Amino acid sequence: MRKIQMVDLKGQYDKIKETVNDSIQSVLDTTSYINGPLVHQFQKNLEDYLGVKHVIPCANGTDALQIAMMGLGLQPGDEVITADFTFAATVEVIALLNLTPVLVDVNKDDFNINIEAIKKAITPKTKAIVPVHLFGQCANMEAIMQLAEEHNLYVIEDNAQGIGANYTYKNGKKAKSGTIGHVASTSFFPSKNLGAYGDGGAIFTNDDDLAHTIRGIVNHGMYERYHHDVVGVNSRLDSMQAAVLDAKLPHLDTYNAARREAARKYNDAFKDEKNVITPKTVNNCEGICSTCDCHVFHQYTLKVKNIDRDALVKHLNENGIPCGVYYPIPLHSQKAYKDSRYNEADFPVTNQLVKEVISLPMHTELDDEQIDFITKTVKAFINK
Ligand SMILES: *Cc1c(COP(=O)(O)O)cnc(C)c1O
């Protein structure tokens, strides 16, 4: 059996080596390392793929979130509601901009921000909601957009884990994740579903004015050379990374389909285990269907009941199976983000999830033998 990895970047690269190498070579040949033609080409290709008017490439997914918030003109003291159960980048940029993060609980089934919790957290100071499409499935965007409209709020989608996923509306209409809110961010960190060979990120929006503002912010607040109209940042996707991403973009749907296929096999292997809760698809989409891309499984995350989760992690590691706990500590309990306004009783789901979640290896190169070994090893531990 091939060695099991959490993410198999080498196996994936080997299959597209020539295309990627040629693409990188073209950057070397032109020496257009910054803002070269490939950055523009990738931007256009991603706009077409997503069906969004503007993609603004930047240096990483954390910058993308920060720049989106700067572009919207959020001001110190404005409250921004986001999920308690996510990667810290989301809350970090809110705090960095001196905005007030308001963390709220998530759903137990899809791990995404809970609508009732958002409603409860809205105050006259609330200016934005940041849903995170955690593990590759969209938050309930229809309800979130409706709340935003009622309360005049911006919606910033953190799409770092959801690129390529479709969101299905109640009426059956579909839209790509990251094209529904006022603005969205994504990350091209190597292990993300569309990963570069280094850092990268992008901002998406359908709003022409906002796109213009953001294009200036990523470039030192310049709209005309050496005229600095606003305080900006330096955040660029470099041409080498754009070369890799442009070579990989045509494979994104195939990659996501491979992830879904692996998820389906995992689900099937655990279907009779009553103490193992497999991931659910929501948003008007039942099961893991082969056609609709409703879930792109950035992570395949189980909840384990009546089992010592940390002992299971240890057991898997001892058997050569890497796994992850995303995330072990709720953000509201992290030293940096503690706030006396938070009440433990408002976070029942997150507080439970941090004890129960375990993410199994998930990538585009998993084969049946590996999945079989992983699931058998999990089951052996659970039923011992
Ligand atoms: C990865 C990630 C980010 C940050 O992306 P970087 O490119 O590493 O800065 C932000 N939010 C979420 C939910 C992520 O998973």
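Note that the coordinates shown come from a computational prediction; the quantities given were computed from them, not determined experimentally.

J.: Break down the site of the ligand for me, with residues and values.
T.: Neighbouring the ligand are 13 residues; Gly61, Thr62, Asp158, Ser187 and Lys192 lie closest to it. In this structure, Asp158 approaches the ligand through a side-chain N or O atom, which is 2.8 Å from a nitrogen atom. Measuring from an oxygen atom of the ligand, one finds a side-chain N or O atom of Lys192 at 3.1 Å. In a pocket analysis with a 2 Å cut-off to the grid points, the ligand is assigned to the largest pocket.

J.: Which residues make up the nonpolar core, and what are the values?
T.: With 35 residues, the main nonpolar core has Ile81, Phe85, Val104, Ile113, Ile118 and Ile144 as its most contacted residues. Looking at this core, the elements that each hand over two or more residues are strand E2 (79-83), strand E3 (100-104), helix H5 (115-121), helix H6 (141-151) and helix H11 (348-356). Residue contributions to this core peak at 5 residues, all from H6. For this core, the two domains that each supply at least three residues are domain 1 (9-250) and domain 2 (252-382). Excluding residues that lie within four positions of it along the chain, Ile144 makes contacts with Ile113, Ile115, Ile118, Ile129, Pro131, Ala139 and Val155.

J.: Break down the packing of aromatic side chains for me, with residues and values.
T.: Applying the stated criterion across every chain yields a total of 12 aromatic pairs. Ring geometry for Tyr13 and Tyr197: centres 5.9 Å apart, planes at 80°, overall edge-to-face. One end of the pair, Tyr13, is in helix H1 (residues 9-30); the other, Tyr197, is in the loop between strand E8 (183-187) and strand E9 (201-205), and 184 residues separate them in sequence. Take Tyr13: its relative accessible area is 19%, and that puts it in the buried class. Each ring, one from Phe135 and one from Tyr327, has its centre 6.5 Å from the other, and the planes form 15°; the classification is stacked.

J.: Can you explain the sheet that holds strand E14 (residues 357-360)? Please cite residues and give values.
T.: Spatially, 3 strands are ordered E12-E13-E14 in an open sheet, and the strand pairing comes out antiparallel. With one partner strand each, in any of the chains shown, strand E12 (276-277) and E14 form the two edges of the open sheet. In the sheet, E12 pairs with strand E13 (residues 300-304) via 2 bridges, with the strands oriented antiparallel. Of the residues in E13, the one forming a bridge with Ile277 is Lys303. Helix H10 (residues 309-318) rests against E13 and E14 of the sheet, and its axis sits at about 20° to E14.

J.: Lay out the UniProt feature "active site" (unreviewed entry) in the protein in plain terms, naming residues and giving numbers.
T.: Under the UniProt annotation, "active site" (unreviewed entry) lies at Lys192. Counting through the fold element by element, Lys192 comes out in the loop between E8 and E9. With sequence-adjacent residues up to four places away left out, Lys192 is seen in contact with Ala160, Ser187, Arg259 and His298.

J.: How would you sum up unusual backbone geometry? Please name residues and give values.
T.: Of note, the amide linkage connecting Tyr326 to Tyr327 takes the cis form, showing an omega dihedral of 10°. Within the secondary structure layout, Tyr327 lies in the loop between H10 and H11. A positive phi angle, close to 50°, is found at Asn35, a residue other than glycine. Owing to a relative accessible area of 55%, Asn35 belongs among the exposed residues under this scheme.

J.: Give a description of the pairing of E8 that names residues and reports values.
T.: Counting buried positions over the 5 residues of E8 gives 5, a clear majority of the element. Residue alternation in E8 divides its side chains into two sets, Val183, Ser185 and Ser187 and Ala184 and Thr186, and both sets are buried. Direction of pairing for strand E5 (residues 154-158) relative to E8: parallel, over a ladder of 3 bridges. In the strand pairing of E8, Ile156 is matched with Val183. In terms of strand pairing, E8 meets E9 through 4 bridges, oriented antiparallel. Within E9, the position partnered with Ser187 by the bridge is Gly201.

Each value, and the rule that gives it
Residues numbered from 1 in each chain as written. Predicted model: local features only at pLDDT ≥ 70, side-chain atom pairs only at ≥ 80, totals over all residues. Heavy atoms only, no water. Near = heavy atom within 4 Å. Polar contact = N/O pair within 3.5 Å; in protein donor to acceptor, adjacent residues only side chain to side chain. 1 Å grid on protein atoms, 1.4 Å probe; cavity = no way out; pocket = protein on both sides within 12 Å on 5 of 7 lines; lining within 4 Å. Sits in = over half its atoms within 2 Å of the grid points. Core = buried A, V, L, I, M, F, W, Y, C linked by side-chain atoms within 4.5 Å. Buried < 20%, exposed > 50% of the residue type's maximum accessible area, 1.4 Å probe, protein only. Helix = DSSP H or I, 4+ residues; strand = E, 2+ residues; numbered from the N terminus. Domains from an automatic or database assignment. Contact = heavy atoms within 4.5 Å. Phe/Tyr/Trp six-rings, centres within 6.5 Å; stacked < 30°, edge-to-face > 60°. Pairing = 2+ DSSP bridges. Axes fitted to C-alpha atoms, helices over the stretch in contact; angles between N-to-C directions. UniProt positions renumbered as here; feature names shortened; annotations may be inferred.

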